Every structure is written in structure tokens, then in C-alpha cells.
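A look at the structure
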Amino acid sequence: MRARPPSRTLRRALLTGLTALSLAAVPWASSSAAAPGLTPNAEVITDWNLTAVKVIAEDAQRPAGEPFLWYGFVSAAVYNAVVGIEGRYAEYKWDVRGPRHASSEAAAAAAAHRVLLTYFPASKTRLDTAYADSLAKIPDGTAEKQGVRFGERAAERLIELREDDGRDSKVTFDPAPGPGVWQPAPPDFRPAAIPWLGKVRPMLFEPADRFMPEPPPALTSETYTKDFAEVKEVGRRDSATRTAWQTETARFFSHPLPQQLQAGYRDHIERHGLDIVDAARYFAAANTASADATITTWNSKFSYAFWRPVTAVRQAGTDGNPATEADADWLPLLNTPPYPEYMGGHCANDGAVMAVLDRLTGGDIDLRLMSTVTGTTRTYTDSAEYDRDVIDARVWSGIHFRTADLVGIRVGRDIGNWALDHYFRPLK
């Protein structure tokens, strides 16, 4: 008698078990090669990440770390659209499975298109063109239609999750002047930027202050005295002790970090041949962790309202510390950003990203970054080396005290590890 084929449930269980075994046997970066031909490649993921960058950073020109929030939204919706069809990893705050034979490529494109169009309707022409280009690469038919419908559902879920989350809320910031308190900095004395960002509901955890750091060092403390002396010497615009390599490092990492990292992610995914599932997970884990690192950073900055080095050096005579000496003409290598100093936002994002990439790649992050500021490229295979460079870069730039960057890295790493401890986990 002819044996009956296994049921769909049994086939899925067998496939899940085999996938788990194969993933346990090889590094994550090469896991997409375990079942060649069964899953689409990552082209639609990297295409839509680039489109998101063009919409958010170029069209809308969102400032500072704010793009991380939007990249997190888009990446989470795309991730749910893909894994809801392909499986392999648990969905993000959702428990809906897509049609088994639906196109995950169509789902990814539909999710990204819908999220971006909802929040950035002024970019409709760009978005509709990119959407048409994506669907043109997918064969017409039921699979494409089912994928589009499921991608729309994934986008709707993300949009629902982010309702009334505190974006663009009315937040006033007018701290009373005094020693250690932030104030607008030269040369243009801009007011504090996007104070509402610290009041946004995080994507991965609650309460919102779960990873809030301790206060900055007291102005008369040994730590502050040491930090002050270092940045005053090596961070000044005309420093005689800062080397050419240190100057280049400071300038290299002045390229807007959200966009610098997105390009590095795309490059890594393309060079390592990740499939659509692992690429979607890579972007979702890194970008949601960065979104929450940014929110936590802004909460810290606007709660502590700590002054920047340029103000601290020029007004050192008011800080009550006999070991600090004022220099009324002191300027940093790079212009000071228009928001308080503590904790370091660049480093909080760096810590979050490095924790995620360490876990996804088994410690070989292989992140290649380019800076339009210096016109140079750097490749990092070790997260500790990357963390060291970005910490130093912000001090050598003259815009941060070292403690703010060390704390940023530590808090960011806690957030990145939280992301993968609680989300984006392999299915059992």
C-alpha cells in the first residue's frame, strides 16, 4: 500500500527541527546557505532600507538620532511580514501567520511601503515608484497577491502598536542657568533639538526608564576633573597634542550615524549572502535596539541637562572645582550638537548595535563603514575595537566627556542584549 504523505503540521515540525539543527551547527552569518533555493535572497530588504534612508534622511531631513526611531518602525514591520510567512524566528509583538505559499518578498515591500507612506506622505512619488519596482521583480499571481495583503497587515499592526506613543508631544525645555547646566553653544547657539524624543514609548521594553543611567559625575569629583582636563587638551580645535589619526577618527565618526550604520548593514548583508529572513532579522534587531537606545539617551540628556565641554571650559570659574581652569576662547574640533551632553547618544547607539551584531554573528561583526566627511572607509571585525574608537572619537571631537561615552556604551549594550533576549528569537 502506498504510504500517505506527512501532514502539513508534521512537515512544518520536521522542517523546524532540521532548521534548528542546521543553525546550531554553523555560524549565523552563513546559516542562510543551509537550505539553498528555499528562501528568497535579501534584495528586497536592502532595497527598502535604502528607500527608507532616502525618505527619512533626505526627503524629510529628520535630525540627529531621530531617524533611528523610524528605521526601527520600518524594520519591525518588514520583519513581521517576512517571518510571518517564512518562519524561523518569532514575530515581534504579533502572532499571525501568513499564507504558506505567499511571497515574502511582496510582503516585505508592501509592509515597508505602507509604513513609510503612513508617516511620510510627502514622499509618495518616491515610495510608489520603489514599490512598483519591487513588485515588478515578483511573478504575478496568487503568491504575490497574498504576500501584498499579508505585508499590509504587518504594517497595520506596527502602526497600531505605535499609536499615541509620545512622538511630537509638547515638551518644554528651559533649564535654569547655573554651573553644570546645559545652554546653547557657539557658534550658532541653537535651541535644544527634539526634546520630545526622550518621552517616546520604547519599542522593546517598559517602563521607559528601565535603562536610565545614573547621574553624571559631580563637578568637583575626581572623574569630572580628569574628563575635563582630557577634553580641554585633546578636544580643542587647535590642539597641539591631538594626532592626525585622532583627528581623522573624530571626523570619520561625525558622519550622521543612523545613515552610516544602515549603509554598513546593507553592505554586510550583501557580502555575506544573507537570505530574506536573516536580513530582515538583522535590520529589525539592530534598528529597534537603536531606536530604544536613542529614546533612553534623550531621556537622560533632557533629565540631567548636563553642560557640554565648550560651556564647561569657558565657564570653569563657576564650577567650584579648583582643579579646573577657564578658557573663554576655547572651541571644540567639531561644532557642538544642540542638546545636552550626558549620556553620549552616538555611543549608546554603538553599544546597542555592537551587542546585537556580536550575538548575530558570533563575535565577527565584519562591519564596513564609509564616511563622506573624510572620504575614507573602515572595517571592524571586533566590537571592542569599534567601541574604543567611537568613545575616543567623541572626546577628540571636543563634544563629549569620556564618562558620558563609557556610560553610553554600557547602557546601549544592555539594551542590545535585551532585544535579543526577548525578541527575534529562533522558533523551537
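These lines cover the structure that appears in this document, whether it is placed above or below. Model, not experiment: these values are computed from the prediction. (Residues numbered from 1 in each chain as written. Predicted model: local features only at pLDDT ≥ 70, side-chain atom pairs only at ≥ 80, totals over all residues. Heavy atoms only, no water.)

**Some words on the overall build of the protein chain**
Within the protein chain, the secondary structure is distributed over 14 helices and two strands. The C-alpha atoms of the protein chain give a radius of gyration of 23 Å, which matches the 22 Å a tight globule of 428 residues would have. Projected onto the principal axes, the alpha-carbon positions of the protein chain cover approximately 95 × 45 × 40 Å. Expressed as a percentage of contacts within the protein chain between residues at least 6 apart in sequence, the contacts between residues at least 24 apart total 81%. Within the protein chain, one finds 48 positive and 53 negative side-chain charges whose respective centroids are separated by 6 Å. (Helix = DSSP H or I, 4+ residues; strand = E, 2+ residues; numbered from the N terminus. Rg over C-alpha atoms; globule rule 2.2 N^0.38 Å. Contact = heavy atoms within 4.5 Å. Lys, Arg positive; Asp, Glu negative; His and termini not counted. Charge placed at Lys NZ, Arg CZ, Asp CG, Glu CD.)

**Observations concerning helix α10 (residues 276-304)**
With 29 residues, α10 should cover 42 Å at 1.5 Å per step; its first-to-last C-alpha distance of 42 Å lies within 8% of that length. Extensive coverage of α10 is indicated by the burial of 27 of its 29 residues. Of the residues that open α10, the one with a side-chain oxygen 3.1 Å from the backbone nitrogen of Val277 is Asp275. Just beyond α10, the residue with positive phi is Ala305, at close to 50°. (Expected span 1.5 Å × (residues − 1). Buried < 20%, exposed > 50% of the residue type's maximum accessible area, 1.4 Å probe, protein only. Polar contact = N/O pair within 3.5 Å; in protein donor to acceptor, adjacent residues only side chain to side chain.)

**Here's the deal with the layout of surface pockets**
Taken as a whole, the second largest pocket encloses approximately 460 Å³ of empty space. Along its surface, the second largest pocket is lined by 24 residues, and Ala64, Pro256, Leu257, Tyr339 and Arg394 are the ones closest to its centre. Sorting the residues of the lining of the second largest pocket by element identifies α9 (257-272), α10 and α12 (345-361) as the ones contributing at least two each. Across the lining of the second largest pocket, the residue classes tally to eleven nonpolar, nine polar and four charged. (1 Å grid on protein atoms, 1.4 Å probe; cavity = no way out; pocket = protein on both sides within 12 Å on 5 of 7 lines; lining within 4 Å. Points joined across faces, edges and corners; volume = space filled by probe spheres on them. Nonpolar A, V, L, I, M, F, W, Y, C, P; charged D, E, K, R; others polar.)

**Some thoughts on the side chain of Thr247**
On the secondary structure map, Thr247 appears in helix α8 (residues 244-252). With near-sequence residues (within four places) excluded, Thr247 lies in contact with Arg242 and Leu333.

**With respect to empty space enclosed by the protein**
Counted according to the given criterion, the structure contains three cavities of 30 Å³ or more. Lining the largest cavity are 14 residues, with Ile45, Asn49, Val74, Ser75 and Val78 positioned closest to its centre. When contributions to the lining of the largest cavity are tallied by element, the ones reaching two or more residues are α2 (43-59), α3 (66-86), α4 (104-119) and α10. Looking at the lining of the largest cavity element by element, the count peaks at five residues for α2. Classifying every residue of the lining of the largest cavity by side-chain character gives eleven nonpolar, three polar and no charged.

**Points about the pairing of strand β1 (residues 367-371)**
Regular strands have side chains that alternate between both faces of the sheet. Burial along β1 is one-sided: Leu367, Leu369 and Ser371 are buried, and none of Arg368 and Met370, which face the opposite way, are. Direction of pairing for β1 relative to strand β2 (residues 376-380): antiparallel, over a ladder of five bridges. Bridge pairing in β2 places Met370 opposite Thr377. Where β1 hands over to β2, the hairpin turn is made up of four residues, of which Gly375 adopts a positive phi near 70°. (Pairing = 2+ DSSP bridges.)

**Some details on the environment of Asp188**
Structurally, Asp188 can be placed in the loop between α6 (142-161) and α7 (222-234). The partly exposed category is assigned to Asp188, whose relative accessible area is 44%. Asp188 sits 148 residues away from Thr336 along the chain, and the two C-alpha atoms are 9.6 Å apart.

**A few points about the packing of aromatic side chains**
Considering all chains together, one arrives at 27 aromatic pairs under this definition. When the centroid spacing of 6.4 Å and the interplanar angle of 75° are considered together, the rings of Tyr282 and Phe283 count as edge-to-face. Each member of the pair, Tyr282 as well as Phe283, is classed as buried. Seen from their ring centres, Tyr423 and Phe424 are 6.0 Å apart, and the 50° between their planes marks the pair as tilted. (Phe/Tyr/Trp six-rings, centres within 6.5 Å; stacked < 30°, edge-to-face > 60°.)

**Side note on the packing of α3 against α6**
Remark: α3 packs on α6, axes separated minimally by 9 Å, with the N-to-C direction vectors making an angle of 135°. Considering their axes alone, α3 and α6 lie oblique with respect to each other. Once α3 is placed against α6, the crossing between them reads as right-handed. Facing Phe73, Ala76, Ala77, Asn80, Ala81, Gly84 and Ile85 of α3, the residues of α6 in contact are Gly147, Phe150, Gly151, Ala154, Ala155 and Leu158. Looking at side-chain class alone, the contact of α3 with α6 contains nine nonpolar, four polar and no charged residues. (Axes fitted to C-alpha atoms, helices over the stretch in contact; angles between N-to-C directions. Parallel < 35°, antiparallel > 145°, perpendicular 65-115°, else oblique. Left-handed = near helix turned anticlockwise from the far one by under 90°.)

**Concerning the packing of α12 against helix α14 (residues 402-422)**
Contact geometry for α12 and α14: axes closest at 6 Å, N-to-C directions at 40°. On the basis of the axis angle, α12 is oblique to α14. Between α12 and α14 the crossing geometry is right-handed. Touching Cys347, Ala348, Asp350, Gly351, Ala352, Met354, Ala355, Val356, Asp358, Arg359 and Leu360 of α12 are Asp405, Gly408, Ile409, Gly412, Arg413, Gly416, Asn417, Leu420 and Asp421, all from α14. Of the residues in the contact of α12 with α14, the class split is nine nonpolar, five polar and six charged.

**Observations concerning the pattern of salt bridges**
All chains considered together, the criterion is met by 27 salt bridges. When the shortest N-O distance is used, the salt bridge between Arg413 and Asp358 registers 3.3 Å. In this pair, Arg413 is assigned in helix α14 and Asp358 in helix α12, connecting sequence segments 55 residues apart. (Salt bridge = Lys/Arg side-chain N within 4 Å of Asp/Glu carboxyl O.)

**Focus on α3**
Side chains of residues three or four places apart in an α-helix project in the same direction, reflecting 3.6 residues per turn. For α3, with 21 residues, the first-to-last C-alpha span of 31 Å sits near the 30 Å given by 1.5 Å per residue. Within α3, 20 of the 21 residues are buried, which leaves it mostly tucked inside the rest of the structure. Looking one or two residues past α3, Gly87 carries a phi angle of roughly 80°, positive in sign.

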